[in-house]
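Residue-level structure breakdown
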Amino acid sequence: MTDWSSGVCGCFENVGICIKAYFCPCIVAGQIGEALGEGCCYHGFCSLMGPIGIYCGATNRGKLREKYQIPGSFGNDCIMHWCCPVCAYAQEAREIESRMPAGSSMARS
């Protein structure tokens, strides 16, 4: 089992992701969904829908944790997306980028 590559408040580890998550969380949610093999438009849209967005964000966070064997629980994922979804999306995006091959990025080309 591993841990997150950066903390939930590690925004200064990648300021670009932090800014994008703050101003356009739906784009970051879509990119995370796409990186997990889900539909990017669906997750981007759902991130804007209150409780549905919390559920979808927590579900994706759980899939990300499962994929990279990061400990945690669905309840904790829900709390993260309820209390600070911007921080959760930024942490998830940093995690995906940190595990991608060198020279690639989460953004579409």
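See the structure printed just above.
Summary of the structure given here. Here the structure is a predicted model, which means the values were calculated and not measured. (Residues numbered from 1 in each chain as written. Predicted model: local features only at pLDDT ≥ 70, side-chain atom pairs only at ≥ 80, totals over all residues. Heavy atoms only, no water.)

1. Brief notes about the overall build of the protein
For the protein, the helix and strand inventory stands at six helices and zero strands. Of the regular secondary structure in the protein, the N- to C-terminal order runs α-α-α-α-α-α. Expected size for 109 residues packed as a compact globule is a radius of gyration near 13 Å; at 12 Å, the protein falls within 12% of this value. Dimensions along the principal axes, computed over C-alpha positions, put the protein at roughly 35 × 30 × 25 Å. Counting only contacts in the protein whose residues sit at least 6 apart along the sequence, the fraction spanning at least 24 positions is 62%. Here the protein carries 8 positive and 9 negative side-chain charges, and the mean point of each set is 3 Å from the other. (Helix = DSSP H or I, 4+ residues; strand = E, 2+ residues; numbered from the N terminus. Rg over C-alpha atoms; globule rule 2.2 N^0.38 Å. Contact = heavy atoms within 4.5 Å. Lys, Arg positive; Asp, Glu negative; His and termini not counted. Charge placed at Lys NZ, Arg CZ, Asp CG, Glu CD.)

2. What to know about the nonpolar core
Among the nonpolar cores identified, the biggest contains 14 residues, and V28, I32, L64, Y89 and A93 are the most heavily contacted of them. Every element with two or more residues in this core is listed here: α1 (15-23), α2 (25-35), α4 (51-68) and α6 (85-98). Looking at which element gives the most residues to this core, the answer is α6, with four residues. (Core = buried A, V, L, I, M, F, W, Y, C linked by side-chain atoms within 4.5 Å. Buried < 20%, exposed > 50% of the residue type's maximum accessible area, 1.4 Å probe, protein only.)

3. Considerations on helix α5 (residues 74-83)
Burial in α5 covers these residues: D77, M80 and H81. The buried residues of α5 occupy an angular sector of 90° when the element is viewed end-on, so they sit on one face. Every exposed residue of α5 that faces more than 90 degrees away from the buried side is listed here: W82 and C83. Residues of α5 that are buried in the fold lie against α4 and α6. (Arc of directions from axis to C-beta.)

4. Description of the packing of aromatic side chains
The full count for this structure, using the stated rule, is two aromatic pairs. Taking 4.9 Å as the distance between ring centres and 90° as the angle between the ring planes, the aromatic pair formed by Y22 and F23 counts as edge-to-face. Here the two residues Y22 and F23 agree in accessibility, since each one is exposed. When the centroid spacing of 5.9 Å and the interplanar angle of 70° are considered together, the rings of Y55 and F74 count as edge-to-face. In this pair, Y55 sits in helix α4 while F74 sits in helix α5, placing the two residues 19 residues apart along the sequence. (Phe/Tyr/Trp six-rings, centres within 6.5 Å; stacked < 30°, edge-to-face > 60°.)

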